[in-house]
Amino acid sequence: MFARKIRIAINVIPVLAAFSAFGQSTDFPADTHLPVDAHATKETISLYRNLKALPSRGFLFGHQDDLAYGVGWKYIPGRSDIKDVTGDYPALYGWELGRIELDHPVNIDSVPFDKMRQFIKEAYGRGGVITLSWHLNNPLTGGTAWQPAPGTVASILPGGEKNALYKSWLDKVAAFMLSLKDDHDRYIPVIFRIFHELNGNWFWWGGKNCTPDELKQLWHFTVSYLRDEKQVHNLLYAYNTDRFASADAWLEKYPGDQWTDIAGFDIYQRGDNASFSTEFGHMLTTLDSIASTHGKIPAVTEFGYNGLPDSNWWTSTFLKTLKEHPVAYVMAWRNAGDGPGGHHEYYVPYKGQVSAPDFIKFYNDPQTLFQKDATKKNLYH
């Protein structure tokens, strides 16, 4: 998410020599009936195919960290701000892996990985969908994801000075993904949103902090390592930008059809409703075309309007714009609640919040799909 993002101008770093094992070719089409991992588990393939068919029938609604905490509460079994308002859980549950690479017991949002694993199992057990992002530290400098430095991406490619370190981090990610199993010892499918917002300058992998070719090489290496070296076969891979002005801008660092399953973008409202709707609608129209052309699952991978001051925003602005466009899912950012200095952070209403009545109307719209809808759709079969 945008908070804490740091914009630093850096020099362009020469690209390391291309490595044939994770080649750059994008001149052959992906099999649109299968995810990029042809050896994906049965449940992962079923999820992929159901998500591809979903946009014509509605979109899953998701929320980051939904089961862990909300406004004024933390770690209360069965609780969710969305459930408090609607009586139902979201259909999509977002979680974060940042700090797993450092062997920390909790992630960057202080959620213990052990609890996260249980929340994921719980949501999957009722038919929910899981997505994970990873704000990994800067492997070259030891700083956070928001501290870019010249040469970071080049340093972790094969032949780079930090490639072994990066592989050790991927080993930890792989171990976590492979630890996600249901009561029948089957792997739980995960949408893995790697190197998100890669057109923005605030992350070390984003914007001008690496060349498009370097990012593509890094994407290819990461997917290949997890899939082929570590034998992780319960992942779908999501490619998403931040705001973008054109298809060419969205595609600038696109790794190729055979390397990604989901096409998306992140967007936050910071101005008036009309301006947001216009920009949101333009981006959705462009995404419609890209997803159709490339055979990808379209999604709004992260969105929000902090504080939700407009009591009718859900139906009059957000849903009104979305209704014209086919997407498989949308994911609201987290409800961190009140912080120091009067700062607050929440992106879905809690009980009593001014937009809660309108959110119930949003929930009741046939196009919006929450947990009860996802359960009925049996997305893993």
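The shown structure was predicted, so the numbers you read here are calculated from the model rather than taken from an experiment.

Trainee: Lay out helix 10 (residues 356-364) in plain terms, naming residues and giving numbers.
Mentor: Structural remark: α-helix, 3.6 residues per turn; residues separated by three or four positions point the same way. Along helix 10, the residues that are buried comprise Ala356, Asp358, Phe359, Phe362 and Tyr363. When helix 10 is viewed along its axis, its buried side chains cluster within an angular range of 150° and face the same direction. Relative to its buried face, helix 10 has exposed residues pointing more than 90 degrees away, namely Pro357, Lys361 and Asn364. Against the buried residues of helix 10 lie strand 1 (59-64), helix 2 (81-86), helix 9 (313-322), strand 13 (368-369) and helix 11 (371-377).

Trainee: Explain the side chain of Asp261 to me, and be specific about the residues and the numbers.
Mentor: Within the fold, Asp261 resides in the loop between helix 7 (247-251) and strand 8 (262-268). Despite its burial, Asp261 pairs with no opposite charge; the closest candidate is Lys296, at 5.4 Å N-O. Engagement of the side chain of Asp261 in a polar contact is seen with the backbone nitrogen of Val36, the distance being 2.8 Å. Contact partners of Asp261, with chain neighbours within four places excluded, come to Pro35, Val36, Tyr48, Leu235, Leu236, Tyr237, Lys296 and Ile297.

Trainee: Can you lay out the pairing of strand 7 (residues 235-241) for me, pointing to particular residues and giving the numbers?
Mentor: Burial within strand 7 is extensive, with seven of its seven residues counted as buried. Going residue by residue along strand 7, you find Leu235, Tyr237, Tyr239 and Thr241 tucked away on one face and Leu236, Ala238 and Asn240 tucked away on the opposite face as well. Note that strand 6 (residues 190-193) and strand 7 share four bridges and pair parallel. In the strand pairing of strand 7, Ile191 is matched with Leu236. Of the crossover connections in this fold, the one passing from strand 6 over helix 6 (residues 212-229) to the parallel strand 7 is right-handed.

Trainee: I'd like a rundown of the side chain of His196, residues and numbers included.
Mentor: Assignment of secondary structure puts His196 in the loop between strand 6 and helix 6. Side chain to side chain, His196 and His135 meet in a polar contact 3.2 Å long.

Trainee: Hey, could you go over the environment of Phe113 for me, with residue numbers and the actual values?
Mentor: With respect to the element layout, Phe113 can be found in helix 3 (residues 113-125). Considering only alpha carbons, one finds Phe113 and Gly70, 43 residues apart in sequence, at a separation of 18 Å. Apart from residues lying up to four places away in sequence, Phe113 is in contact with Glu96, Leu97, Gly98, Arg99, Ile100, His104, Pro105, Val106, Asn107 and Phe176.

Trainee: Run through the pattern of salt bridges, naming residues and quoting values.
Mentor: Enumeration over the complete set of coordinates arrives at 15 salt bridges. Across the pair Lys323 and Asp365 runs a salt bridge, and its minimum N-O distance is 3.1 Å. Taken together, the residues Lys323 in the loop between helix 9 and strand 10 (329-332) and Asp365 in the loop between helix 10 and strand 13 connect sequence positions 42 residues apart. Salt bridges sharing common partners tie together Asp109, Arg334 and Glu345.

Procedures and definitions
Here, residues in each chain are numbered from 1, in the same order as that chain's written sequence. Only residues with pLDDT of at least 70 are given local features in this predicted model, and only at 80 or more are side-chain atom pairs given and counted; all residues enter the totals for whole chains, interfaces and linings. To obtain the side-chain values, all non-hydrogen atoms of the structure were used and water was disregarded. Burial classes follow relative accessibility: with a 1.4 Å probe on protein chains only, a residue under 20% of its type's maximum area counts as buried, one over 50% as exposed, and anything between as partly exposed. The way it works is that DSSP assigns letters per residue, a run of H or I at least four long becomes a helix, a run of E at least two long becomes a strand, and they are numbered from the N terminus. It is the directions from the helix axis to the C-beta atoms that the arc portrays. In what follows, a contact means two residues having at least one pair of non-hydrogen atoms within 4.5 Å. Charge convention: Lys and Arg are scored as positive, Asp and Glu as negative, and His as well as the terminal groups of each chain are ignored. By definition, a salt bridge exists where a carboxyl oxygen of Asp or Glu is found within 4 Å of a side-chain nitrogen of Lys or Arg. Each polar contact in these results corresponds to two N or O atoms within 3.5 Å; when the atoms are within protein, one needs to be able to donate a hydrogen and the other to accept it, and residues that are neighboring in sequence are counted only if both atoms are side-chain atoms. Paired strands are those between which DSSP finds at least two bridges. Crossover handedness is defined here as right-handed if the route from the first strand over the helix to the second strand goes clockwise, with the strands pointing away from the viewer.

Don't take any of this as a statement about function, it's just geometry.
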